[in-house]
Amino acid sequence: MSIMKPLMNPLMNSLKNSSRLVLVIGGVIGGLLGLFLVPARADIPVQKVITPLGIEAWLVENHTIPLISMKFAFQGGEVRDPVHKQGLSTMVAALLDEGAGDMDARAFQTALENKAIKLGFSSRRERLEGSLKTLSENRHEAFRLLSLALNEPRFDQDAIERIRQQMLTILIRKQEDPGSIASKIFREMVYPEHPYGRDGDGTKDTIRALTRDDLVAYREERLTRDRLVIGVVGDITAQELAELLDLAFGRLADEAIDGYLQDVKAKTPGAVYLHRHPGHQSTILFGHQGLKRLDPDWYAAYVMNYILGGGGLTSRLAESVREEKGLAYSVGTSFQPMEYGGLFIGSLGTQNERATEAIALVQQEIRNLVENGVSEEELQDAKTYLTGSYALNFATSGAIASQLIGAQILGFEPSYFARRNEYINNVTREQIGRVARRLLHPDRLFWVVVGDPAGLDDLPLTKLGQAGKDAGAAH
């Protein structure tokens with residue numbers, strides 16, 4: 001379950017997915033690429049491929065279908081955009097396939113279509129990602145076009161202005177979206193002095209100020225080989241792949257040039273912040289400091305959260321808040337690890353008149369877990385689900401490629417995939433009890449409520465925003 005990023009950037013991702021990613025496959029070929037399924041198993045045979053130019057990729061060969069799927073990522077992303085250039089990563093990702101080399105946007109798209117190649121880019125908080133899917137017989141042309149997009153993007157002015165208008169339109173829509181409003185307030189209050197507190201999609205002023213020179217500099221300074229991770233699945237050998245990787249990525253600069261960021265802790269005041277918004281429902285976010293992915297307590301925290309609020313309709317929060325009391329349409333929690341920090345965060349949607357009761361019950365459930373831990377039955381049920389469902393992360397070639405780049409970003413070896421369920425099975429009730437006391441603090445949770453709820457004054461929490469005299473920093 002991931003809350004923070006989707007609420008930070010939901011509409012931009014939606015627009016990019018619907019209108020920016022290249023939809024080039026027709027008829028039967030399109031169906032093949034979309035349904036490039038492989039047996040769902042986690043103990044996949046991963047090869048490390050090192051090219052003559054020193055580029056590394058992880059490869060899973062699968063010659064049963066004549067298709068190749070590749071995903072790659074340049075670490076850095078929106079969090080490294082300068083404060084006066086917020087939205088830069090998003091604009092670059094949207095423009096990389098809008099013409100390259102001697103081809104304008106239409107000619108570039110036609111070249112992709114003629115060979116049934118699917119190419120796309122997206123911007124995320126801590127990386128810029130790309131994906132490439134092609135029939136294996138067209139692999140050379142696919143990697144040649146990718147090379148053009150990465151090394152010779154045109155950044156034509158008409159394309160820049162079109163994407164700029166799309167980004168500004170999205171900002172307007174986000175101003176009326178309760179989830180986006182709640183995310184903005186939460187982000188700015190929790191990380192007031194860190195780039196995590198900014199909107200990766202930018203502001204009206206920063207988007208309007210971005211220039212073609214900014215885009216060119218981003219490509220030259222931040223799409224670099226030292227930040228690159230690559231995962232490939234499909235009908236290609238290691239030797240064939242090495243040649244094509246050098247074609248696509250070999251001309252990129254060796255090292256990135258950008259700012260240095262320090263770790264940051266979430267500032268959560270143990271308060272409720274109200275932003276009044278018309279409607280019958282309240283959208284609520286809550287959270288406090290979490291942990292990073294490589295923390296030794298990660299697996300115990302992961303299993304604990306599944307029991308508390310990460311297990312969908314079977315979690316404690318869903319059963320008590322949603323099923324037994326009928327207080328919320330949805331409720332859930334997650335740990336969100338980031339490169340420079342981590343969050344424990346949750347969300348719920350409820351009727352205005354029941355928002356106060358729902359908040360109090362969530363606090364009670366979290367406090368109950370801290371004080372009493374989990375039962376052996378809950379622990380075994382969680383392990384059964386988390387280990388049994390893990391193979392579903394490897395059900396398609398694209399999903400496997402995503403797993404390959406995710407593991408590389410974390411510094412894991414390929415053997416991690418076969419050992420991951422062992423880490424889950426080793427979690428004990430005693431570990432969860434200790435981790436709950438360390439990581440869950442119901443009295444320190446920061447709550448953001450967007451709606452028109454009644455009775456917030458009854459909560460023993462400091463009131464911020466329109467719920468109190470202190471207007472806070474966000475609005």
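Reading the values: rules and limits
Residues numbered from 1 in each chain as written. Predicted model: local features only at pLDDT ≥ 70, side-chain atom pairs only at ≥ 80, totals over all residues. Heavy atoms only, no water. Helix = DSSP H or I, 4+ residues; strand = E, 2+ residues; numbered from the N terminus. Buried < 20%, exposed > 50% of the residue type's maximum accessible area, 1.4 Å probe, protein only. Contact = heavy atoms within 4.5 Å. Areas by Shrake-Rupley, 256 points an atom, 1.4 Å probe, with all protein chains shown as cover. Phe/Tyr/Trp six-rings, centres within 6.5 Å; stacked < 30°, edge-to-face > 60°. Lys NZ or Arg CZ within 6 Å of the ring centre and 35° of its normal. Pairing = 2+ DSSP bridges. Expected span 1.5 Å × (residues − 1). Axes fitted to C-alpha atoms, helices over the stretch in contact; angles between N-to-C directions. Left-handed = near helix turned anticlockwise from the far one by under 90°. Nonpolar A, V, L, I, M, F, W, Y, C, P; charged D, E, K, R; others polar. Parallel < 35°, antiparallel > 145°, perpendicular 65-115°, else oblique. pLDDT = per-residue confidence, 0-100. Salt bridge = Lys/Arg side-chain N within 4 Å of Asp/Glu carboxyl O. Lys, Arg positive; Asp, Glu negative; His and termini not counted. Polar contact = N/O pair within 3.5 Å; in protein donor to acceptor, adjacent residues only side chain to side chain.

(A) Seen up close, the overall build of the chain. Helix and strand counts for the chain stand at 18 helices and 12 strands. Per-residue burial over the chain gives 57% buried out of 475 residues. Within the chain, contacts between residues separated by at least 24 positions form 83% of all contacts whose residues are at least 6 apart in sequence. Within the structure as shown, the chain displays about 20000 Å² of accessible surface, and the carbon and sulfur contribution to it stands at 49%.

(B) Inspection of the packing of aromatic side chains at higher detail. Summed over all chains, the structure comprises 17 aromatic pairs. A ring pair is formed by F72 and F121, whose centres lie 6.1 Å apart and whose planes are at 75°; its orientation type is edge-to-face. Here the residue F72 occupies a position in strand β3 (residues 67–75), and F121 occupies one in strand β4 (residues 118–123), the gap between them amounting to 49 residues. F72 gets classed as buried once you look at its relative accessible area, which sits at 0%. For F121, a relative accessible area of 5% puts it in the buried group. One aromatic cluster is present, built from ring pairs that chain together W58, Y299, Y390, F394, F412, Y416, F417 and Y423. When the ring centre of Y196 is taken as origin, the NZ or CZ atom of R125, which lies over that ring, is 5.9 Å away.

(C) Structural context of the pairing of strand β2 (residues 56–61). The pairing of strand β1 (residues 47–50) with β2 spans four bridges and is classified as antiparallel. By the bridge assignment, V49 is partnered in β2 with A57. What sits between β1 and β2 in their antiparallel hairpin is a turn of five residues, with G54 showing a positive phi close to 90°. Pairing analysis gives four bridges linking β2 to strand β6 (residues 228–234), with the strands arranged parallel. Bridge pairing links E61 to G234 in β6.

(D) Representation of helix α11 (residues 238–249). In a regular helix each residue adds 1.5 Å, so 12 residues correspond to 16 Å; α11 covers 16 Å between its end C-alpha atoms and thus fits that length. Listed in full, the buried residues belonging to α11 are L241, A242, L244, L245, D246, A248 and F249. Where the residues of α11 are buried, they touch β1, β2, β3, α6 (139–151) and β6.

(E) Structural view of the packing of helix α12 (residues 298–310) against helix α17 (residues 416–425). Orientation of α12 relative to α17, taken along the N-to-C sense of each, is 65°, at an axis distance of 10 Å. Helix-helix and strand crossings are classified by hand; for α12 and α17 the assignment is right-handed. Seen from α12, the contacting residues are Y299, Y302 and V303; seen from α17, they are Y416, R420, Y423 and I424. By residue class, the composition of the contact of α12 with α17 is six nonpolar, no polar and one charged.

(F) Just the packing of helix α4 (residues 88–95) against helix α7 (residues 157–174), in detail. Put simply, α4 and α7 touch, their axes get as near as 10 Å, and they point 125° apart. Classified by the angle their axes make, α4 and α7 are oblique. In this structure, α4 meets α7 at a crossing whose hand is right-handed. Where α4 abuts α7, its residues T90, M91, A94 and L95 lie against A159, I160, I163, R164 and M167. Per-class residue counts for the contact of α4 with α7 are seven nonpolar, one polar and one charged.

(G) The arrangement of the environment of A399 in detail. Relative to the helices and strands, A399 is located in helix α16 (residues 397–409). The class of A399 is partly exposed, set by a relative accessible area of 22%.

(H) Geometry of the confidence of the model for the chain. Summarising the model, the chain shows a mean pLDDT of 90, and 90% of its residues fall at 70 or more. Throughout residues 1–35 the model reports pLDDT below 50, and contacts reaching past four residues in sequence, or to other chains, amount to 87 contacts. Predicted confidence for residues 470–475 stays below pLDDT 50, and this span has 16 contacts to residues more than four positions away or in other chains.

(I) Structural view of the pattern of salt bridges. Tallied over the entire structure, the rule returns 25 salt bridges. Note that D263 is salt-bridged to K292, the shortest N-O span being 3.2 Å. With a gap of 29 residues between them, D263 in the loop between α11 and β7 (271–276) and K292 in the loop between β8 (281–289) and α12 connect regions that are remote in the sequence. For E357, the salt bridge is made with R354, and the minimal N-O distance between the two is 3.7 Å. Several salt bridges converge on common partners, so that one network encompasses D295, D297, R434 and R438.

(J) Spotlight on the pairing of β4. The element β4 is extensively covered by neighbouring structure, given that five of its six residues are classed as buried. Pairing of β4 with strand β5 (residues 127–135) involves six bridges; the strand directions are antiparallel. Among the inter-strand pairings, L119 is bridged to a residue of β5, identified as L132. Turn length for the β4-β5 hairpin, with the two strands adjacent in sequence and antiparallel, is three residues.

(K) Highlighting the side chain of R219. The residue R219 is located in helix α10 (residues 212–222) in this model. Although R219 is buried, it makes no salt bridge; E220 carries the closest opposite charge, 4.7 Å away. Engagement of the side chain of R219 in a polar contact is seen with the backbone oxygen of L150, the distance being 2.9 Å. Those residues within four positions of R219 in sequence are excluded, and the remaining contacts are L150, N151, P153 and L252.

(L) Quick peek at the sheet that holds strand β11 (residues 446–451). Within the open sheet, the six strands sit side by side as β9-β10-β8-β11-β7-β12. Their pairing is mixed. Both edges of this open sheet fall to β9 (330–337) and β12 (462–465), since each of them pairs with a single strand only. Strand-to-strand twist across the sheet, computed as the mean angle between neighbouring axes with direction ignored, equals 20°. Summarising the sheet, β9 and strand β10 (residues 342–351) pair through eight bridges and their orientation is antiparallel. Along β10, the bridge assignment pairs P337 with G342. Where helix α14 (residues 355–372) meets the sheet, its contacts fall on β8, β9, β10 and β11, and the angle it forms with β10 comes to roughly 140°.

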